[in-house]
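Spelled out from the first residue to the last, the chains are:
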Amino acid sequence: MTDHALLLVNLGSPASTSVADVRRYLNQFLMDPYVIDLPWPVRRLLVSLILIKRPEQSAHAYASIWWDEGSPLVVLTRRLQQAMTAHWPHGPVEIAMRYGQPALPEVLERLAAQGVRKVTLAPLYPQFADSTVTTVVELARQTIAERKLPLQTRILQPFYEHPDYIEALAASARPYLEQDYDHLLLSFHGLPERHLKKLDPTGQHDFQAADCCKDASADMRAVCYRGQCLATARALATKMGIPEGKWSVSFQSRLGRAKWIEPYTETRLDELGKAGVKKLLVMCPAFVADCIETLEEIGMRGSEQFIEAGGRELLLVPCLNDHPQWVGVLAGMCERA
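Report on the accompanying structure.

Conventions adopted
Residues numbered from 1 in each chain as written. Predicted model: local features only at pLDDT ≥ 70, side-chain atom pairs only at ≥ 80, totals over all residues. Heavy atoms only, no water. Axes fitted to C-alpha atoms, helices over the stretch in contact; angles between N-to-C directions. Helix = DSSP H or I, 4+ residues; strand = E, 2+ residues; numbered from the N terminus. Parallel < 35°, antiparallel > 145°, perpendicular 65-115°, else oblique. Left-handed = near helix turned anticlockwise from the far one by under 90°. Contact = heavy atoms within 4.5 Å. Nonpolar A, V, L, I, M, F, W, Y, C, P; charged D, E, K, R; others polar. 1 Å grid on protein atoms, 1.4 Å probe; cavity = no way out; pocket = protein on both sides within 12 Å on 5 of 7 lines; lining within 4 Å. Points joined across faces, edges and corners; volume = space filled by probe spheres on them. Pairing = 2+ DSSP bridges.

## Some words on the packing of helix α10 (residues 265–274) against helix α12 (residues 297–308)
Moving on, step 1. As a packed pair, α10 and α12 sit with axes 9 Å apart at the nearest point and diverge in direction by 40°. What the angle tells us is that α10 and α12 run oblique. In terms of crossing hand, the pair formed by α10 and α12 is right-handed. For the pair formed by α10 and α12, the contact residues are T265, E266, L269, D270, L272 and G273 on the first element and I298, G302, Q305 and F306 on the second.
Moving on, step 2. Partitioned by chemical class, the residues of the contact of α10 with α12 number four nonpolar, four polar and two charged.

## Some remarks on empty space enclosed by the protein
Moving on, step 1. Counted by the stated rule, this structure contains two cavities of 30 Å³ or more.
Moving on, step 2. Put simply, the largest cavity is a space of about 60 Å³.
Moving on, step 3. L169, S172, M283, C284, P285, F287, V317, P318, C319 and L320 are the residues that line the largest cavity.
Moving on, step 4. Volume-wise, the second largest cavity comes out at about 40 Å³.
Moving on, step 5. Together, F128, A129, D130, L191, H195, L196, L199, V223 and Y225 line the second largest cavity.

## Thoughts on the sheet that holds strand β4 (residues 152–155)
Moving on, step 1. The strand order across the open sheet built from four strands is β2-β1-β3-β4, with neighbouring strands paired in parallel fashion. Each edge of the sheet is formed by a strand with only one pairing partner; in this case those strands are β2 (93–99) and β4. Across the sheet, the axes of successive neighbouring strands diverge by a mean angle of 30°, strand direction being ignored.
Moving on, step 2. Alignment of strand β1 (residues 4–12) against β2, held across six bridges, turns out to be parallel. Across the sheet, L8 pairs through a bridge with I95, a residue of β2.
Moving on, step 3. With respect to the sheet, helix α1 (residues 19–30) is in contact with β1 and β2, its orientation differing from that of β2 by roughly 85°.

Nothing here speaks to function; it is geometry throughout.
Here you go:
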């Protein structure tokens, strides 16, 4: 059987480190209403203001982590694709990006032209958010409907505390966690608080509980990004036997003036450095592939900030990337999807 494709979808990357390519990418990314959830005129004005200076700053950041083969995120996703082909006997394994290339609509059209009739769509995000999972799923559905593609889709659901995923996360991190270290910081990508509030049917989310949404209804747990991040962190700490007090959670990549989920990673780096932590391990479990947010934001700028605050060494634990155990786990979850 070769008519059932597996499509791995990641966030995306600029085509190059040129300011023009970075501006084009940021415009597509930030104009997505699932990313900046404001009315179109307000979003257009805000993004236009951001694009005055941000592309040049971001281009410099991308250049600092760019590989000879291209964007680390795209290169690593392609390596994952190649590793997955041996685990998916039903048809082709392809990758697509929500923003940039290879573009999701064009990949879906190409698969349909090749005779594929079923697609297992795998958004590569462990935790649910509208700005990651929903935007991928809705773009795929919109493309199939508008272009009248004869494709049936199955969706890999968020797997933030799936035991196999936690085991793969632990296996990839074990060589680092078996070293001597003072503290493990689990830094997840941040979100504006309003993104979570609008999905809360109770209207009572206060963002304060350390066990956020742990005892909430299944519907609320399914859409509470903060609660899912905390669940991932707790499951990993339990799996690795890391005692309370030796690990903590934070949220990175804040943009703009809106209130985002706390604590902020930049704040925690200062606090830990000033509190006497000398060797800090940082993991970023919201990402399955290393990218600008891990390699540059944490590995470079975060490391400098931590050392300036009094720390001695920040060691970035790589993302799952194409770790063999992760490849097997992802294949199994996609098969069951």
